[in-house]
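Secondary and tertiary structure notes
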Amino acid sequence: MSKTFRQMFEEKYMRFPGGRCKAVTLSYDDGVKADTRLLSVLEKYGLKCTFNLNSALFDCQNWHDRMDEGQTIAAFKGGVHEVALHGNRHIFMDKVPLPEAVRELVINRQWLEGAFGCIVNGLAYAYNGYNAEIKRLLPSLGIKYARTTNSTHSFALPDDFCEWNPTCHHTEGQLGELTQKFVSSSPLGEFKHREPWLFYLWGHSYEFDDSDNWDIIENFARAVSVDKEVWFATNGQVCAYVSAYRSLEFSLDGEMAFNPSYMPVWLEIRGKIYCIPSGGAVKFEEE
């Protein structure tokens, strides 16, 4: 029996948990009192967020009304969302000697892990202050990913998680157009370039108070929450999952995959979704 060879269908595409082709993650900075209202919006629509916290600026009411230490712990403890580093004092780490930058991150991580009782391995660069030297430093401090403020206006996954560029800030004029594209389209509609989509939104919740525009995040959350193709995850969950997928080992002919990671991962090949279990191997079916 003759076979029809369709080259694009031989390519493998990562799929998010459950075989989904899209994901949404949020990242909000500074640990301010307006975060409590943001948390209620996230809970209402089932979204997940990473909150990037400093550890030496509690109760600074003249700096966007930050929470005190007790309020911070009470707001974010529970494990639904993620806490991540934002520097001890919210300084430009690329403008101080490297040992001082190390101290900023070590003290920050030490406080967060003590306060929340979990491993903290994510970072958002305060003031977008980073350089190649800072990036090289992160793995030695146990930091798996670091978010910039450089908008991509795309849904692409990062090549380098220590320079993780978000889709956009919530104040950008492109937000509405990007949201509409994200919910009305899908990579499954493409013949080529069926890579998964990630919408990464970031900002500061006090900006909603300052501009009296909480409808922006409410509208975004409502729009994406009804999309059944979307996986809602924290920054750390996205990083861990993508890293697990990228660790897959394939047979020489590409027809078998082994998953050495601790979590199951999904992929698509020839239009079919496969789950590769943790520690297991799967042979793909012929078309």
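Everything numeric in this text was worked out from a predicted model, so none of it was measured.

This brings us to the overall build of the protein chain. A count of helical and extended segments in the protein chain gives eight helices and 14 strands. Scaling as 2.2 N^0.38, a compact globule of 287 residues should have a C-alpha radius of gyration of about 19 Å, and the protein chain matches this with 20 Å. The principal-axis extent of the C-alpha atoms belonging to the protein chain is close to 75 × 40 × 30 Å. Buried residues in the protein chain amount to 51% of all 287 residues. A separation threshold of at least 6 residues defines the contact pool for the protein chain, and within that pool the share at least 24 residues apart is 64%. A total of about 13,400 Å² of accessible surface is found on the protein chain, and carbon and sulfur atoms cover 52% of it. Charge centroids of the protein chain, computed over 29 positive and 38 negative side chains, lie 5 Å from each other.

What follows deals with the UniProt feature "domain: NodB homology" (unreviewed entry) in the protein chain. The feature "domain: NodB homology" (unreviewed entry), as annotated in UniProt, sits at residues 20-145 in this numbering. Strand forms 17% of residues 20-145 and helix 35%; the C-alpha atoms that close the span are 23 Å apart.

The geometry of helix α1 (residues 35-45) relative to helix α7 (residues 215-225) is characterised by a closest axis approach of 9 Å and an angle of 20 degrees between their N-to-C directions. When the interaxial angle is binned, α1 and α7 end up roughly parallel. The two elements α1 and α7 meet at a crossing, and its hand is right-handed. Mapping the contact onto sequence places Leu38, Val41, Lys44 and Tyr45 in α1 and Ile217, Glu218, Ala221, Arg222 and Ser225 in α7. The residue inventory of the contact of α1 with α7, partitioned by class, reads five nonpolar, one polar and three charged.

With that settled, the discussion passes to the nonpolar core. By size, the foremost hydrophobic cluster in this structure holds 54 residues, and its most contacted members are Leu26, Phe199 and Phe220. For this core, the element with the most residues is helix α3 (residues 98-116), which contributes six residues. Membership of the second largest hydrophobic core comes to 29 residues, among which are Trp231, Val238, Tyr241 and Phe284.

Okay, α7 next. The complete set of buried residues in α7 reads Ile217, Glu218, Phe220, Ala221 and Val224. Looking straight down α7, one finds its buried side chains confined to an arc of 165 degrees; they lie on one side. In the core, the buried residues of α7 are packed alongside β2 (22-29), α1, α5 (175-184), β8 (197-203), α6 (206-211) and β9 (230-232).

Rules used in this analysis
- Residues numbered from 1 in each chain as written.
- Predicted model: local features only at pLDDT ≥ 70, side-chain atom pairs only at ≥ 80, totals over all residues.
- Heavy atoms only, no water.
- Helix = DSSP H or I, 4+ residues; strand = E, 2+ residues; numbered from the N terminus.
- Rg over C-alpha atoms; globule rule 2.2 N^0.38 Å.
- Buried < 20%, exposed > 50% of the residue type's maximum accessible area, 1.4 Å probe, protein only.
- Contact = heavy atoms within 4.5 Å.
- Areas by Shrake-Rupley, 256 points an atom, 1.4 Å probe, with all protein chains shown as cover.
- Lys, Arg positive; Asp, Glu negative; His and termini not counted.
- Charge placed at Lys NZ, Arg CZ, Asp CG, Glu CD.
- UniProt positions renumbered as here; feature names shortened; annotations may be inferred.
- Axes fitted to C-alpha atoms, helices over the stretch in contact; angles between N-to-C directions.
- Parallel < 35°, antiparallel > 145°, perpendicular 65-115°, else oblique.
- Left-handed = near helix turned anticlockwise from the far one by under 90°.
- Nonpolar A, V, L, I, M, F, W, Y, C, P; charged D, E, K, R; others polar.
- Core = buried A, V, L, I, M, F, W, Y, C linked by side-chain atoms within 4.5 Å.
- Arc of directions from axis to C-beta.

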